[in-house]
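# Close look at the chain arrangement
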Amino acid sequence: MNKESRRIVITYVTLTLLSTFASSFIWGINTLFLLDAGLTVTEAFSANAFFTGGQVIFEIPTGIVADTVGRRTSYLLGAATLFAATLAYFWLWKIHGPFWAWAVVSILLGLGFTFFSGATEAWLVDGLRAAGYKDDLDSAFAKGSIATGVAMLTGTLAGGFVAQATNLGVPYLMRAIAIALTFILAFLFMRDEGFKPKAKTSLFKDMRSVFADSIEFGFRKAPVRWVMLSGVFSGGVSIYAFYAMQPHLLNLCGSSAGYGIAGTADAVVAGAQILGGVLVPYAGRVFARRTGFFIFGTVVSVIALALIGLLGNFYLVLGVFTVWSVVFAATTPIRQSYINELLPSEQRATILSFDNMLASAGGVIAQPVLGKTADVYGYPMSYLASAAVQLLALPFVILAKRENAESDEIHGDKAATK
């Protein structure tokens, strides 16, 4: 890796670290926060579904913004939107606001994250290509995954124990302050590199052109399409599995006030994410192709989710959930590399946003359904249902493997031959 590539990766890792640290203050206690505001379990996960619904609605428009106006502009808009929506969430908690208001603000939170989703990843890949980076992208994305784990580890611990010592609203104020700091740092240090926007005609024509090209060069490519479609099922399940773990662990402990337990549990998952990122460079020693790892990861995830539903011991459930998290963390950067190596730069952010949109669409359906299952039959049954939904992703990753895409091979002298 040359000096310029190293600088770009360091900037990417720093921004990932700061934005995740800001967001993670509330990840360990978000479900408890919604329940404390007077929502039922079904309403709480329905609010989360409106969040993912916002992502479905805005993923492609914000991806087009990143592809036509710039990745940096998109990132700054995301930070500003998240700052305002987080303060609105805090205010609704204070007044025990009506469900419709939670739905509206949840959609705005989804909008904020869509400004980040495709833009940050596209910014990294374009910058590295412009700097002459020739290696696999797995290791660069793995560094971002490790940074995410470190930030989540510290952020969820802090948020959980601050909520325990004060109240459930304080971590949201901490998050707003940290997001404001992230905005300032991105404004000062983030620059679009390796990105050349098209000559402007009109904003509508630019957006229509990028969207049409994104479908042509993205979803119509069979290897990209199958992996994207698998995300409809795995994406929806992963959001539910993460947030439902907070009240599920508290139920297993027999405690209704141990907010620190929920924060600690998510911090353990963050540690698993760090481990998953560290393991990524070694994937080529076991798997010759990335899709082989996708199949392995999907099967392990199905088994882990089913075991969470069947086991009734706090420590066993937390251990299995950690295994699920390690596999998820290792799969994410490998999947990012697989898709990005097949995408043209001009439509990269929009296609990545389309991928995120499909995963969010799965969450819109899965979260309220699984939340209702937990409401009626309990959290264990909802995890068994999650395993069944996760299983539906398997045929699509098998189809992706059959395509033998150019990005499928994991390069390296120690790659497996099977």
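What counts and what doesn't
Per chain, the residues get numbers from 1 upward, laid out in the order the sequence is written. Local features in a predicted model are, by the rule used here, given only for residues with pLDDT of at least 70; side-chain atom pairs are given and counted only at 80 or more, and totals for whole chains, interfaces and linings are based on all residues. Think of the side-chain values as coming from all heavy atoms in the structure, minus any hydrogens and water. In this text, helices come from DSSP runs of H or I with a minimum length of four residues, and strands from runs of E with a minimum of two, each type numbered from the N-terminal end. A helix's residues, less one, multiplied by 1.5 Å, set its expected span. Exposure categories follow from relative accessible area, calculated using a 1.4 Å probe and restricted to protein chains: below 20% of the type maximum is buried, above 50% is exposed, and the middle band is partly exposed. Our arc is simply the arc of the directions from the helix axis toward the C-beta atoms. Note on contacts: a residue pair qualifies if any of its non-hydrogen atoms lie within 4.5 Å across the two residues. Only buried residues count toward a nonpolar core, which is a set of Ala, Val, Leu, Ile, Met, Phe, Trp, Tyr and Cys residues joined through side-chain atoms within 4.5 Å. Patches were defined on residues exceeding 30% relative accessible area and lacking a salt bridge, with like-charge contacts within 9 Å and nonpolar side-chain contacts (Val, Leu, Ile, Met, Phe, Trp, Tyr) within 5 Å. For the area figures, the Shrake-Rupley method with a 1.4 Å probe applies, and any residue is considered shielded solely by the protein chains shown. Any carboxyl oxygen of Asp or Glu that lies within 4 Å of a side-chain nitrogen of Lys or Arg is treated as forming a salt bridge with it. Axes here refer to lines fitted to C-alpha atoms; in helices the fit is confined to the stretch in contact. Angles between the N-to-C directions go from 0 to 180 degrees. The scheme is simple: roughly parallel for angles under 35 degrees, roughly antiparallel for over 145, roughly perpendicular for 65 to 115, oblique for anything else. By the definition used in this description, the sense in which the near helix is turned from the far one sets the handedness, with an anticlockwise turn below a right angle giving left-handed and a clockwise turn giving right-handed. Think of it this way: a Phe, Tyr or Trp ring, Trp meaning its six-membered ring, pairs with another when their centres are within 6.5 Å, and the plane angle makes it stacked under 30 degrees, edge-to-face over 60, tilted otherwise. Lysine NZ or arginine CZ positioned within 6 Å of the ring centre and within 35 degrees of the ring normal marks a charge as sitting over the ring. Counting of polar contacts relies on pairs of N or O atoms within 3.5 Å, with two restrictions inside protein: one atom must be capable of donating a hydrogen and the other of accepting it, and residues adjacent in sequence are counted only when both atoms are side-chain atoms.

Before going further, it helps to spend a moment on helix α14 (residues 379-391). Over its 13 residues, α14 runs 19 Å from end to end, which matches the ideal 18 Å to within 8%, given 1.5 Å per residue. Along α14, the positions that sit buried rather than exposed are Tyr379, Ser382, Tyr383, Ser386, Ala387 and Gln390. Axial view of α14: buried residues confined to an arc of 150 degrees, hence all on one face. The elements touched by buried residues of α14 are α3 (41-68), α9 (222-253), α11 (290-310), α13 (348-377) and α15 (394-402).

Moving on: the nonpolar core. In globular proteins that are soluble, nonpolar side chains generally tend to be buried together. Counting residues in hydrophobic clusters, the biggest one holds 78 residues, and the most contacted among them are Ile29, Phe33, Leu34, Tyr89, Trp102, Leu124 and Leu128. Per-element tally for this core: the top contributor is helix α5 (residues 99-130), with 10 residues. Those residues within four positions of Trp102 in sequence are excluded, and the remaining contacts are Phe33, Leu34, Ala37, Leu39, Tyr89, Leu92, Trp93 and Gly97. The next biggest cluster of nonpolar side chains, apart from the first, holds 33 residues, and it includes Ile64, Ala222, Ala283 and Leu394.

A contiguous nonpolar surface patch, about 430 Å² in accessible area, is contributed by Ile184, Phe187, Leu188 and Phe189. If you trace the backbone, Ile184 turns up in helix α7 (residues 170-189). With relative accessibility at 46%, the residue Ile184 sits in the partly exposed group.

One way to put it is that helix α1 (residues 3-24) packs onto α7 with a least axis distance of 8 Å and a crossing angle of 160 degrees. Classified by the interaxial angle, the pair formed by α1 and α7 is roughly antiparallel. In this structure, α1 crosses over α7, and the sense of that crossing is left-handed. On α7, the residues touching Leu15, Leu18, Ser19, Ala22 and Ser23 of α1 are Arg175, Ala178, Ile179, Thr182, Leu185 and Ala186.

To describe a pair of aromatic rings, one takes the distance between the centres and the angle between the planes. A full pass over the atoms with the stated rule returns 23 aromatic pairs. Here Phe33 and Tyr89 contribute two aromatic rings whose centre-to-centre distance is 6.2 Å and whose plane-to-plane angle is 15 degrees, an arrangement assigned as stacked. With a gap of 56 residues between them, Phe33 in helix α2 (residues 30-36) and Tyr89 in helix α4 (residues 71-95) connect regions that are remote in the sequence. Take Phe33 and Tyr89: they sit in the same class, and that class is buried. Between Phe287 and Phe296 the ring centres are 5.6 Å apart and the planes differ by 45 degrees, which places this aromatic pair in the tilted class. Given a relative accessible area of 15%, Phe287 falls into the buried group. Here Phe296 falls in the partly exposed class, since its relative accessible area comes to 39%. Against the face of Phe187 rests Arg72, its NZ or CZ located 5.0 Å from the ring centre.

With respect to the helices and strands, the residue Asn30 is situated in helix α2. Side chain to side chain, Asn30 and Tyr172 meet in a polar contact 2.8 Å long. The contacts of Asn30, once residues within four sequence positions are left out, are Asn48, Tyr89, Tyr172, Tyr243 and Gln246.

Structurally, the position occupied by Ser382 is in helix α14. The buried category is assigned to Ser382, whose relative accessible area is 0%. In terms of polar contacts, Ser382 uses its side chain to reach the backbone carbonyl oxygen of Tyr379, at 2.6 Å. The residues touching Ser382, leaving out its near neighbours within four places in the chain, are Tyr240, Leu370, Thr373 and Ala374.

Any functional reading would require information that these geometric values do not contain.
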